[in-house]
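Residue strings, one per chain:
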Amino acid sequence: MTKKYRYLFGPVPSRRFGRSLGVDLTPYKTCSLDCVFCQLGRTRHKTVVRREYVPTAAVLAELEEWLKSDGRADYITLSGSGEPTLHSRFGEVLEFIRKNSTIPGALLTNGTLLNLLEVQDAASHASVVKTALSAWDQGTYNWFNRPYPKLRFDDLVEGQKDFRAQFKGQLWLEVFLINGMNTMVPDVQKIAALAKEIGPDRIHLNTAIRPPAEDFVAADFVAALPKERMEPLTRLFCPPAEIIGEYHSAYTTETRATQAMILSLLQRRPCSARQIAEIYGMHGNDVSKYLGKLMRSRKIKAERRNASLYYSALKVEG
Ligand code: SF4
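Everything numeric here is computed off the predicted structure, so don't read it as measured data.

Novice: Residues and numbers for the overall build of the protein chain, please.
Specialist: Assigned secondary structure in the protein chain consists of 11 helices and 13 strands. Going through the 318 residues of the protein chain one by one, you find that 57% of them count as buried. Here the analysis covers contacts within the protein chain between residues at least 6 apart in sequence; of these, 74% occur between residues at least 24 apart. Of the roughly 13700 Å² of accessible surface on the protein chain, a fraction of 50% belongs to carbon and sulfur atoms.

Next up, the structure:
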């Protein structure tokens, strides 16, 4: 991407979606949950109110322009600064992608609103819907995901089951494991039993590889779950779960990022210098130069995580 879009970002390498163009439908960070492991930091606007948070016409105009001028990605994903199903017209964006491109549209949702029929109908326009489940009852839901007060754990599970019953596309379920919080075998078995009831096509086990919202999640006793401890847990799920590993892109693009593009990316997800270099096909020295400027102007911060230095935006524009 050679110009700065307001609602599109990337394409970025995704651990599940390859080269993925992001479409951001909410202001930073508007979500129905405030997960302790969230890589975007704490939720600023916790809500279940569905409205047109960003103008749909402007999003579609950017997509049309991007499809004409670049148009290369493995997926176009509704994701970014918050929960996309809070946008009252997200279904129209998915419908536009389906009608105007051969690139599959993906919806990354926390699943909290899937108990609403209108959200199920809108989500049905996606080729892939990725939902999430990391708790097994209301107490653990409150602890890990810190939902908007009126949200019930039973509705989260029932909504996903209802959606599965009518959705013809691929349903993927992410289980986020936080070492010391939801990683004991009996607890994972409870999550696996609920996952089986939902019936996704694929199940992904993820852990806190990038910096999470809360420092205590990164503390020694609840650090990212090592791969050798995740492997036996994959077999508790049906179908067996896959472990999401760090993505190493073999893709090289001639696109070179501007400082504004790197800042826009870091406003949506923390990245290491190596990941930024992979995303934009840049030399590490050039990435370091931009990161240095952004650090000096106090627009980004750096945090060490799992032996890598991750950068994220300090202040969010717009
Ligand atoms: S991880 Fe996803 S669902 Fe949880 S707070 Fe962050 S954006 Fe919201």
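The structure having been displayed, the exposition proceeds.
Novice: How would you sum up the sheet that holds strand β10 (residues 242-243)? Please name residues and give values.
Specialist: One open sheet accounts for 8 strands, arranged β1-β2-β5-β6-β7-β8-β9-β10; its pairing is mixed. Looking along the sheet, the strands with just one partner apiece sit at the ends: β1 (8-14) and β10.

Novice: Residue-level account of the side chain of Lys130, with values.
Specialist: Along the chain, the position of Lys130 falls in strand β7 (residues 128-132). Leave out the neighbours within four places in its chain, and Lys130 touches Arg16, Phe17, Leu107, Leu108, Thr109, Trp172 and Glu174.

Novice: So what's going on with empty space enclosed by the protein? Which residues, and what values?
Specialist: The final tally for this structure, using the stated rule, is 6 cavities of 30 Å³ or more. Here the largest cavity defines a volume of roughly 990 Å³. Lining the largest cavity are 49 residues, and of these Arg16, Gln39, Leu108, Lys130 and Glu174 lie nearest its centre. Among the elements of the structure, β1, β2 (18-23), β7, α4 (138-145), α5 (153-166), β8 (170-177) and β9 (202-207) are those that each provide at least two residues to the lining of the largest cavity. Looking at which element gives the most residues to the lining of the largest cavity, the answer is β1, with 4 residues. Residue composition of the lining of the largest cavity, grouped by class: 24 nonpolar, 15 polar and 10 charged.

Novice: Report on the packing of aromatic side chains, specifying residues and quantitative values.
Specialist: As enumerated under the stated definition, the model contains 7 aromatic pairs in all. For the pair Trp136 and Phe144, a centre-to-centre distance of 6.1 Å together with 65° between the ring planes defines the contact as edge-to-face. Residue classification places Trp136 among the buried residues on the basis of a relative accessible area of 15%. On the numbers, 4.7 Å between centres and 20° between planes, the contact of Phe163 with Phe167 is stacked. By way of ring pairs, the aromatic residues Phe17, Tyr75 and Trp172 are connected into one cluster. In this structure, Arg202 packs its charged tip against the face of Trp172, placed 4.5 Å from the ring centre. Between Lys289 and the ring centre of Tyr290, over which it is positioned, the NZ or CZ distance is 5.2 Å.

Novice: I'd like a description of the nonpolar core, backed by residues and values.
Specialist: Core analysis: the largest hydrophobic core is formed by 70 residues, its most contacted members being Val23, Leu63, Leu78, Phe90, Val93, Leu133 and Phe237. Discounting chain neighbours no more than four positions away, the residues touching Val23 are Tyr7, Leu8, Phe9, Val59, Leu63, Ile76, Thr77, Leu78, Ser79 and Val93. Counting residues in hydrophobic clusters, the runner-up holds 21 residues, among them Ala257, Met261, Ile262 and Leu294.

Novice: How would you sum up helix α9 (residues 259-268)? Please name residues and give values.
Specialist: Most of α9 sits inside the fold, with 8 of its 10 residues counted as buried. The secondary structure elements touched by the buried residues of α9 are β1, β11 (271-272), α10 (273-280), α11 (284-296), β12 (300-305) and β13 (308-313).

Novice: Describe in detail the environment of Ser124, supporting the description with residues and values.
Specialist: Within the secondary structure, Ser124 is located in the loop between α3 (117-123) and β7. By relative accessible area, Ser124 is classed as partly exposed at 24%. Considered as a pair, Ser124 and Phe163 are 39 residues apart in the sequence and their alpha carbons are 8.5 Å apart. Not counting residues up to four positions away in its chain, the partners in contact with Ser124 are Arg98, Phe163, Gln166 and Phe167. At a separation of 3.3 Å, a polar atom in the side chain of Ser124 contacts the side chain of Gln166.

Here is what the cut-offs are and how they apply
Residues numbered from 1 in each chain as written. Predicted model: local features only at pLDDT ≥ 70, side-chain atom pairs only at ≥ 80, totals over all residues. Heavy atoms only, no water. Helix = DSSP H or I, 4+ residues; strand = E, 2+ residues; numbered from the N terminus. Buried < 20%, exposed > 50% of the residue type's maximum accessible area, 1.4 Å probe, protein only. Contact = heavy atoms within 4.5 Å. Areas by Shrake-Rupley, 256 points an atom, 1.4 Å probe, with all protein chains shown as cover. Pairing = 2+ DSSP bridges. 1 Å grid on protein atoms, 1.4 Å probe; cavity = no way out; pocket = protein on both sides within 12 Å on 5 of 7 lines; lining within 4 Å. Points joined across faces, edges and corners; volume = space filled by probe spheres on them. Nonpolar A, V, L, I, M, F, W, Y, C, P; charged D, E, K, R; others polar. Phe/Tyr/Trp six-rings, centres within 6.5 Å; stacked < 30°, edge-to-face > 60°. Lys NZ or Arg CZ within 6 Å of the ring centre and 35° of its normal. Core = buried A, V, L, I, M, F, W, Y, C linked by side-chain atoms within 4.5 Å. Polar contact = N/O pair within 3.5 Å; in protein donor to acceptor, adjacent residues only side chain to side chain.

Worth remembering: the numbers are spatial, not functional.
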